[in-house]
Amino acid sequence: MKKSPFAIAGIPVQIHWTFWLLAIWIVYSNLQDGFDVFRTAWSLLFTALVFVCVLLHELGHSLTARQFGIQTKSILLLPIGGLAHLQTMPKSPKQEFWITIMGPAVNLVIALMLLPTVHFDFNNPARVDQVTSVNGTNIFYNLFVANVIMFLFNLLPAFPMDGGRILRAAIAWFSGQEKATKIATWVGNLFAFLFIVAGIYLMSFMLVIIGIFVLLAARSELSFVKNNSILSRFRVKDIIITDYHTLSPSDPVQKAADLLLRTQNKSFVVMKYGEVEGVLRQMEIIKALSAEGPNAPVAKYMNPHVIKVDEDELLADVQENFAAGGHDVLLVTSNGSFLGLIDSDNIEELIALYQRGDNSYFPSRGFEWSKSY
């Protein structure tokens, strides 16, 4: 992940590189319309203010999520809007509703704050034209309109946009999360199709992009919810890797490289005096060989900050540890004693086998098929 240029309330804020393309397009289109440098500068300033409002919108989501104990990994600003990357999903429809609604609520508050500066004259067509021509006398008017549009547009039930998430939360009150997500995805796909058709008809490239984004994001979210539903049926002990190899911190990396070639293991437990010191993964082995050669010490390249999970934890909860900390290997313990490990490949294999639906795969790996907790 790229380093964030700044952070707000401890949340890293990232700006996508396509913002440069947006700035270039604004300058080009203004010059094509015959606007001078000052009008172009006002357009750029207005765009920057709009995305400040987008950032505040995402902070509305993030800070509300924090109240429920859910942290935000980062906020990403894109030319089509913003994305708040929560570390975990909301635990209940109530949480999802409040986290979601606070984004549009921020835009509504901003619009109400700007309302005293706005003077409406619907009988004057020139007033409408001001929306597309920003200058020092109407910038607050345009910013008011932009926030009203953001408020209303985000409430459209186009999952996974805010309105779609509110719809899912409402449905989830009466049904399960997976069923609610399926219904919200179907509605979201319908809106995505309308966005694309409208974008083509109106020659609006932005609407087409938003429609495609809604389609892809909804599919990804539905897949995540389905996988999470599968993982909620199993515990860590069902997929624990007990056939692992250990290394000493003083071992050369060459020993790990040999094990990498001779075994199916891609991660190795580093132990000293019977205690786990860390984990050495395939990527660290390759990095060590490239930087220092085969005699590089394991201790220098191992990862000592490994998360420990109990064997009785649900895999759905453990999955959050993979997502939250960027870890792909977790140590499994029972009453403080080290038993083995699990990695992201374990999770993917379990999901694939479960979706295949062949029960014969599971007894051989010790899985407890279709277990309900």
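Residues numbered from 1 in each chain as written. Predicted model: local features only at pLDDT ≥ 70, side-chain atom pairs only at ≥ 80, totals over all residues. Heavy atoms only, no water.

A short note on the overall build of the protein
Applicable threshold: Put simply, DSSP marks the helices as runs of H or I at least four residues long and the strands as runs of E at least two long, and each gets a number from the N terminus on. Burial classification: accessible surface area is computed with a 1.4 Å probe over protein chains only, and a residue below 20% of its type maximum counts as buried, one above 50% as exposed, and the rest as partly exposed. In this description, contact between two residues means that some pair of their heavy atoms is separated by no more than 4.5 Å. Areas reported here follow the Shrake-Rupley algorithm with a probe of radius 1.4 Å; residue values treat only the protein chains shown as occluding.
Across its full length, the protein holds 13 helices and 10 strands. Here the protein holds 373 residues, and the buried ones make up 42% of them. In the protein, the share of contacts with a sequence separation of at least 24, taken over all contacts with a separation of at least 6, comes to 60%. Just so you have it, the protein exposes about 20,500 Å², and 62% of that area is on carbon and sulfur atoms.

Some points on the sheet that holds strand E3 (residues 72-78)
Inclusion rule: Pairing between two strands is assigned when DSSP locates at least 2 bridges connecting them. Helix axes use the C-alpha atoms of the stretch in contact, all axes being lines fitted to C-alpha atoms, and the angles between their N-to-C directions lie in the range 0 to 180 degrees.
Spatial ordering of the open sheet is given by E1-E2-E3-E4, a layout of 4 strands whose pairing is mixed. Each end of this open sheet is capped by a strand with a single partner; those strands are strand E1 (6-8) and strand E4 (81-86). Pairwise comparison of adjacent strand axes, ignoring direction, gives a mean angle of 30° for this sheet. Across 3 bridges, the pairing between strand E2 (residues 11-15) and E3 is parallel. Across the sheet, Ile15 pairs through a bridge with Leu77, a residue of E3.

Points about the nonpolar core
Selection rule: To qualify as a nonpolar core, a set must consist of buried Ala, Val, Leu, Ile, Met, Phe, Trp, Tyr and Cys residues joined through side-chain atoms within 4.5 Å.
With 27 residues, the main nonpolar core has Phe46, Val50, Leu55, Ile75, Leu77, Leu143 and Phe144 as its most contacted residues. Those elements that provide at least two residues to this core are E2, helix H1 (19-32), helix H2 (37-67), E3, helix H3 (93-114) and helix H5 (139-154). Of all hydrophobic cores here, the second largest spans 16 residues; its members include Ile230, Ala316, Leu330 and Ile347.

Remarks on unusual backbone geometry
The step from Phe159 to Pro160 runs through a cis peptide bond, and the omega angle for that step is 10°. Here Met203, not a glycine, exhibits a phi torsion of approximately 60°, which is positive. With respect to the secondary-structure elements, Met203 resides in the loop between helix H7 (177-201) and helix H8 (205-231). Despite not being glycine, Tyr273 has its phi angle at roughly 55°, a positive value. You can see Tyr273 is positioned in the loop between strand E6 (267-272) and strand E7 (275-281).

Notes on the confidence of the model for the protein
Segments scoring low in pLDDT should not have their predicted coordinates read at a detailed level. The condition is simple: A residue's pLDDT is simply how confident the predictor is in it, with values from 0 to 100.
Here the protein shows a mean pLDDT of 85. Residues at 70 or above account for 89%. Put simply, helix H4 (residues 125-129) is where the protein has its lowest mean pLDDT, 52, and H3 is where it has its highest, 96. In this model, residues 363-373 is a region of pLDDT below 50 whose contacts with residues beyond four sequence positions or in other chains number 29 contacts.

A word on the pattern of salt bridges
As a reminder of what qualifies: For this document, the term salt bridge refers to a Lys or Arg side-chain nitrogen within 4 Å of an Asp or Glu carboxyl oxygen.
All told, the structure shown has 9 salt bridges when counted by the stated rule. For Lys255, the salt bridge identified is with Asp251, shortest N-O distance 3.5 Å. Since its relative accessible area comes to 13%, Asp251 is described here as buried.

Re the sheet that holds strand E10 (residues 337-343)
Across the sheet, which stays open at both edges, the 3 strands sit in the order E8-E9-E10 with mixed pairing between neighbours. Looking at the sheet topology across the chains shown, the edges are occupied by strand E8 (308-310) and E10. For this sheet the average axis-to-axis angle between neighbouring strands, irrespective of direction, equals 40°.

A few points about H3
Selection criterion: Expected span, for any helix, means 1.5 Å times one less than how many residues it has. Working definition for bend: take the seven residues up to and ending at a residue and the seven starting at it, fit an axis to each, and measure the angle between the axes.
In a regular helix each residue adds 1.5 Å, so 22 residues correspond to 32 Å; H3 covers 32 Å between its end C-alpha atoms and thus fits that length. The largest bend along H3 measures about 30° and falls at Gly103, with the proline Pro104 one to four residues further on. Next to the buried residues of H3 lie H2, E4, H5, helix H6 (162-172) and H7.

Some thoughts on H1
For clarity, the threshold we go by: By definition, the arc is the one covered by directions from the helix axis to the C-beta atoms.
Compared with the 20 Å implied by 1.5 Å per residue over 14 residues, the 20 Å span of H1 between its first and last C-alpha is a close match. Burial in H1 covers these residues: Phe19, Leu22, Ile26, Ser29 and Asn30. Buried residues along H1 cover an arc of 100° about the axis, so they all sit on one side. Seen from the open side of H1, the exposed residues pointing more than 90 degrees away from its buried face are Trp20, Ile24, Tyr28, Leu31 and Gln32.

Examining a nonpolar patch on the surface
For clarity, the threshold we go by: The patches described consist of residues with a relative accessible area above 30% and no salt bridge, like charges being joined within 9 Å and nonpolar side chains (Val, Leu, Ile, Met, Phe, Trp, Tyr) within 5 Å.
Nonpolar side chains collect at one region of the surface, where Trp186, Leu190, Phe193, Leu194 and Val197 lie side by side and expose about 540 Å² of accessible area between them. With respect to the secondary-structure elements, Val197 resides in helix H7.

Quick look at the packing of H3 against H6
So the rule is basically this: Throughout this description, any angle smaller than 35 degrees is read as roughly parallel, any larger than 145 degrees as roughly antiparallel, any in the 65 to 115 degree range as roughly perpendicular, and the remainder as oblique. Crossing handedness follows the turn of the near helix against the far one: under a right angle anticlockwise gives a left-handed crossing, and clockwise gives a right-handed one. The classification used treats Ala, Val, Leu, Ile, Met, Phe, Trp, Tyr, Cys and Pro as nonpolar, Asp, Glu, Lys and Arg as charged, and all other residues, Gly among them, as polar.
At a closest axis distance of 9 Å, the pairing of H3 and H6 adopts a crossing angle of 155°. When the axes of H3 and H6 are compared, the pair comes out roughly antiparallel. As for how H3 packs across H6, the hand of that crossing is left-handed. Contacts between H3 and H6 pair Pro93, Glu96, Phe97, Thr100, Ile101 and Pro104 from the former with Asp162, Arg165, Ile166, Arg168, Ala169 and Ala172 from the latter. In terms of residue class, the contact of H3 with H6 is built from 7 nonpolar, 1 polar and 4 charged.

Regarding the packing of H2 against H3
Axis separation between H2 and H3 bottoms out at 7 Å; the angle between their running directions is 145°. By crossing handedness, the relation of H2 to H3 is classed as right-handed. Where H2 abuts H3, its residues Cys53, Leu56, His57, Gly60, His61, Thr64 and Ala65 lie against Trp98, Ile99, Thr100, Met102, Gly103, Pro104, Val106, Asn107 and Ile110. Across the contact of H2 with H3, the residue classes tally to 9 nonpolar, 7 polar and no charged.

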